[in-house]
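# Structural description and commentary
Chain by chain, the residues:
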Amino acid sequence: MTNTGIENLIVRANNGDGQACYDLYKEYKNGIHVAENELTAMDWLEKALDCNHPMAQLIMGLSLLNAGQQKDAIQYLQLASSNGNPDAMNVLGQLYLGNVENMTDEYTDEDKGLQLLYQAAFCGSPNAQVMLGKCYYIGKWVHQDKLMAKYWLEKAMNAGSEEAAHLYEEALRVNTLLN
């Protein structure tokens, strides 16, 4: 990207384009086409949040989760989920299932967690698809169903998930040994 490209992003961002704000956040956070600058990156992330940008909401939710601020993290993850971000749906679903480290039990809600996990998987999240494959394979939070496990792992493999491919091969190997 040229200086003109960065300048165009800045103009668009200053005109309320949330995607441009988010793109500038990434540019400054990673030092891609500009000098890396954490403070400037965070300013652009805040502006992307002001524009209701789902990826900015996900990043803020994950950041707050890592900082131990669970209640605030959930609010941002819920915003990102309601704005259609499948990765936020997946994280929030796993959080409600109690499948996130250092989470307190007060947020556990298995029905809500599974609903979000399915929603994320149907929206194309390979991570949610892998998680559902694991759930069905071992029978955790759902009834054990090898066909459903295969279905979700195949969907994740088709989306490019190496983890799904590894789990699928392992499941086939184990089933072959047991039969």
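Look up a bit, the structure's there.
Residues numbered from 1 in each chain as written. Predicted model: local features only at pLDDT ≥ 70, side-chain atom pairs only at ≥ 80, totals over all residues. Heavy atoms only, no water.

## So, the pattern of salt bridges
Summed over all chains, the structure comprises six salt bridges. The residue K26 makes a salt bridge to D23 at a minimum N-O spacing of 3.8 Å. Within this pair, K26 and its partner D23 are both found in helix α2 (residues 18-30), separated by three residues, close to a single helical turn. The salt bridge partner of K150 is E154, with a shortest N-O separation of 4.0 Å. Of this pair, K150 and E154 are both found in helix α9 (residues 146-158), four residues apart, which corresponds to roughly one turn of the helix. (Salt bridge = Lys/Arg side-chain N within 4 Å of Asp/Glu carboxyl O. Helix = DSSP H or I, 4+ residues; strand = E, 2+ residues; numbered from the N terminus.)

## As for helix α8 (residues 126-138)
Spacing of three or four residues puts side chains on the same side of an α-helix, whose turn is 3.6 residues. For α8, which comprises 13 residues, the first-to-last C-alpha distance of 18 Å matches the rise-based estimate of 18 Å (1.5 Å per residue) to within 8%. All of the buried residues in α8 are A128, Q129, V130, M131, L132, G133, C135 and Y136. Of the residues trailing α8, G139 is marked for its positive phi of about 80°. (Expected span 1.5 Å × (residues − 1). Buried < 20%, exposed > 50% of the residue type's maximum accessible area, 1.4 Å probe, protein only.)

## Things to note about unusual backbone geometry
One non-glycine residue, N52, lies in the positive phi region at around 65°. As for its position among the elements, N52 is in the loop between α3 (38-50) and α4 (54-66). Relative accessible area serves as the criterion here: at 39%, N52 is assigned to the partly exposed category. Of note in this structure, W141 is not a glycine but carries a positive phi near 70°. Here W141 is to be found in the loop between α8 and α9.

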